[in-house]
Amino acid sequence: TCSRSVSLFLPFIPTFPGYLTVSIEPLPPVVVGDAVTLKCNFKTDGKMREIVWYRVTDGGTIKQKIFTFDAMFSTNFSQMENYRKREDLVYQSTVRLPEVRISDNGPYECHVGIYDRATREKVVLASGNVFLNVMAPPTSISVLAADTPAPFSRYQAQNFTLVCVVSGGKPAPLVYFKRDGEPIEATPLPEPPAGASSWAPRNLLHRDLDDTKVPKSLAADGELGMGNPFPTADPPRGLAAERDSVTETIPETVVSREFPRWVHMAEPIYYFRHTHAPVSDGTVEARATLTWTLNPQIDNEALFSCEVKHPALSMPMQSEVTLVAPKGPKITMTPTRARVGDTVRILVQGFQNEVFPEPLFTWTRVGSRLLDGSAEHDGKELVLERVPAELNGSMYRCTAQNPLGSTDTHTRLIVFENPNIPRGPEDSNGSLPRRCGFRFVLALTLTVILELT
């Protein structure tokens, strides 16, 4: 008997955990309102356990789940209730944001887990991350004049500053100025120190006042600078019983722009400063200032524009202003037929032209003080409370001025009788009525004049 024994040798095959690599495709900057797809690519030879998307906030300290795929229960659901379920799963590794907002800006992470090939009790994890850069185009742009309203200076050069404010953009835009359509070459100035509330430009040109800078016409003719100034005698008193014209408008007086010889006609030197500050909504407010020594002779009616370039804009955004001195103020008076005891309002409604920057308005009474005893009043409106009869015929001057020039406009107040106010004790003791008494005095005056001649 022959017997054989056969031995079967099986090779040893070691077990290795499954491999897993995760990567997220990089994203270019996107604009608010665009649709964005976050793609998480992974390779593995293991069995899927889960995929979790996180939105990272507060510098990485907080991770908010925005999407979860759980292979154990074959379900996918969202933990993004605050996002109003804006994500949409296209594939298991893809999350779609239909309309991004600035608040969506920041890092995102994709975490993938697979089962270990040796035992299902272990899970192999890997993750990838990507930064979503959300841009927002500027929503508003405006050009303002700093330190306004400001007076017109005829004998001393003064600095003038334009401020361009751009809001709603992210990141900060590129801001620059143009004059009459041509870019301005300006000297950059450093940013103000931290905590400084405002920046006052240094004097770019200064001269002491001397007699050579005073025009002869001003010295000879008074403050109006014209050949025949208005009389400063007391206005006629009494009431206007009957007149066709309620108010008398005196022609406008434009102050002659006589400049000292030190105002040069050469091109000005511009100084430029650009700052930006973050806003709570994630945008940036940019401010650009342009400062130079103003020369009304060449700067009046000059067109300045502020233009903005931004990666979220297809073309530059701009705002324009034209430097214009005030001319031809339009004055109205209410009520149109003022009576004794009424409150009279004299208002500047506008000008014949578009004025920039905003003018400074000053009211004075020719030859006397205002009704409240003050020498002048600032503002577009002059209010005279309970006008007395003594103001009949009084003349008022409105001076409108900005750094480009100044103009004066005059108007005369006519006060009528008020039948609701008693005329006085002489009318209640049996004396002649006021109209008859006025005629008697007038006739008596004429007789005395004839006798004297």
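In what follows, the structure referred to is the one given above.
It should be emphasised that the depicted structure is a prediction, and the values quoted were computed from it without experimental measurement.

Caption draft 1: Local environment of the overall build of the protein chain. A count of helical and extended segments in the protein chain gives three helices and 28 strands. Split by element, the accessible area of the protein chain, about 27,000 Å² in all, is 53% carbon and sulfur.

Caption draft 2: Geometry of the packing of aromatic side chains. Summed over all chains, the structure comprises five aromatic pairs. Their ring planes at 75° and their centres at 6.1 Å tell us that F177 and F272 sit as a pair that is edge-to-face. Remark: F272 occurs in strand β18 (residues 270–278) and F177 occurs in strand β14 (residues 174–179); sequence separation between them is 95 residues. When its relative accessible area of 19% is taken as the criterion, F272 is described as buried. Taken together, a centroid distance of 5.9 Å and an interplanar angle of 25° make the contact between F351 and F361 stacked.

Caption draft 3: Quick look at the sheet that holds strand β19 (residues 284–293). With respect to topology, five strands assemble into an open sheet ordered β12-β13-β19-β18-β16, the strand pairing being mixed. Either end of the sheet is taken by a strand with one partner, and the two such strands are β12 (140–145) and β16 (186–188). Direction aside, the axes of adjacent strands within the sheet are offset by 25° on average. Bridge analysis of β12 against strand β13 (residues 159–169) gives six bridges, and the strand direction is antiparallel. Bridging from a neighbouring strand, V143 pairs with C164 of β13.

Caption draft 4: Representation of the state of the cysteines in the model. This model, assessed by the stated rule, comprises two disulfides. Each sulfur of the disulfide joining C40 and C110 lies 2.1 Å from the other. Taking the sign of the S-S torsion, -85° for the link of C40 and C110, the bridge is left-handed. Residue C40 is found in strand β3 (residues 36–44), and its partner C110 is found in strand β9 (residues 106–115); the two are separated by 70 residues along the sequence. Here C164 engages in a disulfide with C306; their sulfurs sit 1.9 Å apart. Taking the torsion about the S-S bond as the criterion, the C164 to C306 disulfide, at about -80°, is left-handed.

Conventions and cut-offs
- The written sequence of each chain sets the order in which its residues are numbered from 1.
- Local features in this predicted model are restricted to residues of pLDDT 70 or higher, and side-chain atom pairs are both shown and tallied only at a pLDDT of 80 or more, whereas totals for entire chains, interfaces and linings draw on every residue.
- The basis for every side-chain value is the complete set of heavy atoms in the structure, and neither hydrogens nor water enter the calculation.
- The numbering of helices and of strands both runs from the N terminus, where a helix is a DSSP run of H or I of at least 4 residues and a strand a run of E of at least 2.
- Only the protein chains shown count as cover for residues, and the accessible areas themselves come from Shrake-Rupley with a 1.4 Å probe.
- Here the aromatic set is Phe, Tyr and Trp, taking the six-membered ring for Trp, and pairing holds for ring centres within 6.5 Å; pairs whose planes are under 30 degrees apart are stacked, those over 60 apart are edge-to-face, and all others are tilted.
- Buried means the residue's accessible area, taken with a 1.4 Å probe over protein chains only, is under 20% of the maximum for its type, while exposed means over 50%, and partly exposed covers the values in between.
- At least two DSSP bridges between two strands are required for those strands to pair.
- Between N-to-C directions, angles cover 0 to 180 degrees, with each direction set by a line fitted to C-alpha atoms, over the stretch in contact for helices.
- When two cysteine sulfur atoms are found within 2.5 Å, that pair is recorded as a disulfide.

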